[in-house]
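Examination of the molecular architecture
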Amino acid sequence: MDPEFGAGMAPRKREPWRTTLLLAYQSLGVVYGDLSISPLYVYKSTFAEDITHSETNEEIYGALSFVFWTLTLIPLIKYVTLVLRADDNGEGGTFALYSLICRHANVSLLPNRQVADEELSTYKLECSPEVAGRSRVKEWLEKHKRLHTALLIMVMIGTCMVIGDGVLTPAISVFSAVSGLELSLSKDQHEYAVIPITCAILVFLFALQHYGTHRVGFLFAPIVLCWLLCMSAIGLYNIIRWNPHIYQALNPSYMITFLKKTRKSGWMSLGGILLCMTGSEAMFADLGHFSYSAIQLAFTSLVYPSLILGYMGQAAYLSKHHKFDASNQIGFYIAVPESVRWPVLVLAILASVVGSQAIISGTFSIINQSQSLSCFPRVKVVHTSAKIHGQIYIPEVNWMLMILCIAVTVGFRNTKHMGNASGLAVITVMFVTTCLMSVVMMLCWHRSPLLALAFFLFFGSIEALYFSASLIKFLEGAWVPILLSLILLAVMFVWHHTTIKKYEYDMHNKVTLEWLLALGDKLGVVRVPGIGLVYTDLTSGVPANFSRFVTNLPAFHRVLVFVCVKSVPVPHVLPAERYLVGRVGHRSYRCIVRYGYRDVHQDVDSFETELVESLAAFIKLDALFRCSDAAGEVDYERENALTVIGSNPLRRHLGIMGGGYDDSHDGVSPSSDAAEDSANGIEMAPAPKTKRVRFAVEESRRSPAAGGEVDERVLEELHELCEARESGTAFILGHSHVQTKPGSSLLKKLAVGVVYNFLRRNCRGPDVVLRVPPASLLEVGMVYVL
């Protein structure tokens, strides 16, 4: 379905109820896998060592009250009611909030912003810029550059903790599910069986990632649905049989009694209780795959009641059973009737695998988004499904996650330490969302700063309480996400900072094409057949690496295109608006290719074909502008203007027809006209013989004032473009080496000279990310002195 563009607090368009029901069912396997398996380990982590389960039941009643109100305030009220409305053109997550903020205020650190980006249809603002411009908060944020950096670091911290959660959640989920064997095996058998089985399941899970979840995704929703119904049934059974009055524990007064009795130990045990909302962030992060109403319906009608019944059932059973080793056996399985324990064990393991799959996929997605903001080293992104958008696989990250998951499982060997580590990662991501959401309320929704402050203080204080309880367990497992986050944060910040400095260096050392061509006589520059695609981060001017290339090897291609592939702070850029094309000289063009942070980069064949089509469309559109001057004079400003080239209607309007394309290609559908020979047509056969593109110039567009000269120039230019395409395409990329200036500080030498260069040498090159064929690649060395 087509998600509705960000509507803030505005009423949302209603969908057909059948569509909503179907999406709500499908969301069970993708969104709620992690949240639904939390009852496996919440009570076990809570009663691990800090507090004991006494005969008065005050501890279990207080824990149940905390769980109920935590689930009600955070997932239900904060996320379902408020945060889900802060979507970015239907997309959710940390980067969606950051993207909204960057569009409504000039706080982005990416330097290649253009006014043309604001004309994108997905570059939607909640109100007119005139109204937004009067915001004092906006002026204050834009004025202080340090706040821009602080905002980005906050987003980076949230991203690092999501990646850390991708390490910890599979470990604790699968380990807790397999731990159900402790009730059926002896202590010695249990110790030697649980760890190997858990590790084997984790290896199997990560080994299947390269196949993509779409192959087995149809099983995810039924498994989670069966698990929720099973958990609800067991919970209801325990309530009726053991303690029908357990609902009285939902009274908030039991939380106060709990803290009064347990004091510091009870506060420390909150680190286990907060695990009940693990996976709540997925409701927002996966919003782009479903709809607001579907996620809301699934949570309120099934997930939330099932979780409450599950926790109440466990508490009802524990309120009548006190004679067992609490440190080992308080948990989910002790409350499961023995007759159904094995089927429940199998179902729990399957549900834990589904929940782990969801967080692994989410980790891949957020790393891909980090790359779009130049906040993560380049890695290879494989799209596992041609039909389902957003299903990706990152080989390097996958195997690193697997190694770290197994290390956590083997190293900790118990739910307590894993829970402490996972809890800190979860609550940090939630606190980052609360901070960003407060800014969104002021900048994007234009609510009162007092209302935003109330939101921050209410939910932030709850999360701060849980965060402090997790942080106090630093030596008992919480150090793992902190260490991972510090390493990842250092890597991301160094990469982002150095990338921006390289861009500034390019800006300072760029030259004009006129200056370069003026050296032609002295250097004897010749233009060789073919198309040269010069990749650069600059949106204007000629990069220094190309000028060095020409001065040392005085030749470049007959058709020269400076290609800038840039990211825009929107989730998606429509194909009709992807290309900005302009003329920079004789048979020399500039093409800016714009992608959103969730867009899929094209393969090189379709990209090359679409690029040539866009150039042809620009040549004809540029001729129409020139024809509009009856005297035949050319406006000098047109030489540096950029024109949006993209949609099929525009190409048909310009007389460009294509045929023989893939269904997934965004070009023109096959037309009968494309098969006809015409005196005005230029037919071009690219390297793949299955693709043929026709450029046609219509007689009716001839200008009487120009006497047909314009069409002749257009035909000549299109002929040259055709011949150059048939001669082959070369991809010219810069191969950078970075070094620090003499006299730089030790920290800068370490960050730029050591860390960045190590990452650059050991991560994927730009040719892999841009999918450049090695046979057509030409790299130009460039030394950056920063």
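Residues numbered from 1 in each chain as written. Predicted model: local features only at pLDDT ≥ 70, side-chain atom pairs only at ≥ 80, totals over all residues. Heavy atoms only, no water.

What counts is decided by this rule: UniProt positions are given in the numbering used here, feature names are shortened, and annotations may be inferred rather than shown by experiment.
In the nomenclature of an unreviewed UniProt entry, the chain is known as Potassium transporter of Urochloa decumbens. In its Subcellular location (unreviewed entry) section, the UniProt entry covering the chain states "Membrane". According to the UniProt record, the Function (unreviewed entry) comment for the chain reads "Potassium transporter."

1. Digging into the overall build of the chain
Here is the rule we go by: To qualify as a helix, a DSSP run of H or I must reach at least 4 residues; to qualify as a strand, a run of E must reach at least 2; elements of each kind are numbered from the N terminus. When a residue's accessible area, from a 1.4 Å probe over protein chains only, is under 20% of the maximum for its type it is buried; when over 50% it is exposed; and in between it is partly exposed. Accessibility throughout is a Shrake-Rupley quantity obtained with a 1.4 Å probe, and a residue counts as covered only by protein chains that appear here.
When helices and strands are counted, the chain shows 27 helices and 12 strands. Counting every position in the chain, which comprises 786 residues, the buried fraction comes to 57%. When the accessible area of the chain is evaluated, it comes to approximately 32,900 Å², of which 61% is carbon and sulfur surface.

2. Observations concerning the environment of Ser38
Let me state the cut-off plainly: Pairs of N or O atoms are called polar contacts if they sit within 3.5 Å, as long as, within protein, a hydrogen donor faces a hydrogen acceptor (for residues adjacent in sequence, only side-chain-to-side-chain pairs).
Relative to the assigned elements, Ser38 resides in the loop between helix H2 (33-36) and helix H3 (42-46). A residue is classified by how much of its surface remains accessible, and Ser38, at 0% relative accessible area, is buried. Each C-alpha atom, one on Ser38 and one on Ser173, is 7.8 Å from the other, the two residues being 135 residues apart in sequence. Within the local environment of Ser38, its side chain forms a polar contact with the side chain of Tyr311, the two groups lying 2.9 Å apart.

3. Brief notes about the sheet that holds strand E6 (residues 588-595)
Quick note on the threshold: We treat two strands as partners when DSSP finds at least two bridges between them. Interaxial angles span 0 to 180 degrees and are taken between N-to-C directions of axes, which are lines fitted to C-alpha atoms, for helices over the stretch in contact.
Strands sit in the order E7-E5-E6-E4-E3-E11-E12 across an open sheet of seven strands; the sheet is mixed. This sheet does not close on itself; its edge strands, each paired only once, are strand E7 (642-645) and strand E12 (777-785). Adjacent strand axes in the sheet meet at a mean angle of 30° when their direction is disregarded. Across eight bridges, the pairing between strand E3 (residues 526-535) and strand E4 (residues 555-567) is parallel.

4. Section: the confidence of the model for the chain
Basically, it comes down to this: Values of pLDDT, which run from 0 to 100, indicate the predictor's confidence residue by residue. In what follows, a contact means two residues having at least one pair of non-hydrogen atoms within 4.5 Å.
Taken over all residues, the pLDDT of the chain has a mean of 80, while the share at 70 or more is 82%. Within the chain, the lowest mean pLDDT, 34, falls on strand E8 (residues 656-659), and the highest, 94, falls on helix H18 (residues 449-471). For residues 630-639, every residue scores under 50 in pLDDT, and the model assigns this stretch 10 contacts once sequence neighbours within four places are set aside.

5. A short note on the packing of aromatic side chains
Where two aromatic rings form a pair, the distance of their centres and the angle of their planes describe that pair. For clarity, the threshold we go by: The rule is short: rings of Phe, Tyr and Trp, with Trp giving its six-membered ring, pair when the centres are within 6.5 Å, and they are stacked under 30 degrees, edge-to-face over 60, tilted in between. Counted as over-ring charges are cases with an Arg CZ or a Lys NZ within 6 Å of the ring centre that also lie within 35 degrees of the ring normal.
Counted according to the given criterion, the structure contains 21 aromatic pairs. Arranged with centres 4.9 Å apart and planes meeting at 35°, the rings of Trp495 and Tyr756 form a pair that is tilted. Taken together, the positions of Trp495 in helix H19 (residues 479-509) and Tyr756 in helix H26 (residues 746-762) put the pair 261 residues apart, joining distant regions of the chain. Assigned by exposure class, Trp495 and Tyr756 land together as buried. Arranged with centres 5.5 Å apart and planes meeting at 90°, the rings of Phe546 and Phe562 form a pair that is edge-to-face. Separated by 16 residues along the polypeptide, Phe546 in helix H22 (residues 544-552) and Phe562 in strand E4 bring together distant segments of the chain. As far as the burial class goes, Phe546 and Phe562 line up, both buried. Against the face of Tyr123 rests Arg103, its NZ or CZ located 5.6 Å from the ring centre. One Lys or Arg, Lys502, reaches over the ring of Tyr784 and ends 5.2 Å from the middle of that ring.

6. Quick notes on the pairing of E6
Where burial is concerned, most of E6 is hidden: eight out of the eight residues are buried. Of the two faces of E6, both are covered, the one formed by Ser588, Arg590, Ile592 and Arg594 as well as the one formed by Tyr589, Cys591, Val593 and Tyr595. Where strand E5 (residues 579-585) lies against E6, six bridges are found, and the strand directions are antiparallel. Counted as the bridge partner of Arg583 is Tyr589 from E6. From the end of E5 to the start of E6, which pair antiparallel, there are two residues, and Arg587 there has a positive phi angle of about 55°.

7. Observations concerning a nonpolar patch on the surface
To be explicit about the condition: Note on patches: the residues involved have over 30% relative accessible area and no salt bridge, like charges join within 9 Å, and the nonpolar side chains Val, Leu, Ile, Met, Phe, Trp and Tyr join within 5 Å. We define a salt bridge as a contact between a side-chain nitrogen of Lys or Arg and a carboxyl oxygen of Asp or Glu at a distance within 4 Å.
A cluster of nonpolar side chains, contributed by Phe474, Leu475, Trp479, Leu483 and Ile487, occupies part of the molecular surface with about 520 Å² of accessible area. Mapped onto the elements, Trp479 comes out in helix H19.

8. Thoughts on the environment of His586
Relative to the assigned elements, His586 resides in the loop between E5 and E6. As a C-alpha pair, His586 and Leu560 span 26 residues in sequence and 9.0 Å in three-dimensional space.

9. So, the nonpolar core
For clarity, the threshold we go by: Here, nonpolar core refers to any group of buried Ala, Val, Leu, Ile, Met, Phe, Trp, Tyr and Cys residues whose side-chain atoms link them within 4.5 Å.
Counting residues in hydrophobic clusters, the biggest one holds 164 residues, and the most contacted among them are Tyr32, Tyr43 and Trp227. Those residues within four positions of Tyr43 in sequence are excluded, and the remaining contacts are Ile60, Ala63, Leu64, Val67, Tyr311, Gln314, Ala315, Leu318 and Ile330.

10. Considerations on the packing of helix H4 (residues 58-82) against helix H17 (residues 415-443)
Quick reminder of the rule: For classification purposes, angles smaller than 35 degrees are called roughly parallel, those larger than 145 roughly antiparallel, those between 65 and 115 roughly perpendicular, and all remaining angles oblique. A crossing counts as left-handed when the near helix is turned anticlockwise from the far one by less than a right angle, and as right-handed when that turn is clockwise.
Interaxial distance between H4 and H17 falls to 13 Å at its minimum, and their mutual angle equals 40°. For the element pair H4 / H17, the angle class is oblique. Handedness of the H4/H17 crossing: left-handed. Contact with H4, carried on its side by Ile74, Lys78, Tyr79 and Leu82, involves Met430, Thr433, Thr434 and Met437 of H17 and no other residues of that element.

11. Overview of unusual backbone geometry
Within the chain, Arg263 stands out as a residue other than glycine whose phi angle is a positive 55°. Position of Arg263 among the secondary structure elements: in helix H11 (residues 253-273). For His446, which is not a glycine, the phi torsion comes out positive at approximately 55°. Mapped onto the secondary structure, His446 falls in the loop between H17 and H18.

12. Thoughts on the environment of Ser232
You can see Ser232 is positioned in helix H10 (residues 220-242). Residue Ser232 is classed as buried on the basis of its relative accessible area of 12%. It is 9.6 Å that separates the C-alpha atoms of Ser232 and Met312, two residues lying 80 residues apart in sequence. Leave out the neighbours within four places in its chain, and Ser232 touches Ser306 and Leu309.

13. Quick notes on the pairing of strand E11 (residues 729-739)
Of the pairings in the sheet, the one linking E3 to E11 comprises four bridges and is parallel in character. Counterpart to Val534 in the pairing with E11 is Ile732.

14. Some details on the pattern of salt bridges
Enumeration according to the criterion identifies 16 salt bridges in this entry. Among the ionic pairs, Asp117 bridges to Arg594, the shortest N-O distance being 3.4 Å. Of the two residues, Asp117 is situated in the loop between helix H5 (94-104) and helix H6 (129-132) and Arg594 in strand E6; the sequence distance between them amounts to 477 residues. As a salt-bridge pair, Arg583 and Asp622 come within 3.0 Å of each other at their nearest N and O atoms. Taken as a pair, Arg583 in strand E5 and Asp622 in helix H23 (residues 604-627) lie far apart in primary sequence, 39 residues in all. Note on Arg583: relative accessible area 8%, which makes it buried. Judged by relative accessible area, which is 1%, Asp622 ranks as buried. Ionic contacts of the salt-bridge type, sharing partners, join the residues Arg583, Arg587, Asp622, Glu717 and Glu720 into one network.

15. Description of helix H15 (residues 341-372)
Selection criterion: In this scheme, a helix's expected span is set at 1.5 Å multiplied by one less than its residue total.
The terminal C-alpha atoms of H15 lie 47 Å apart, and with 32 residues this matches the ideal 46 Å at 1.5 Å per residue to within 8%. Counting buried residues in H15 gives 24 out of 32 residues, a clear majority hidden from the surface. After H15 finishes, the residue Ser374 shows a positive phi value of roughly 60°.

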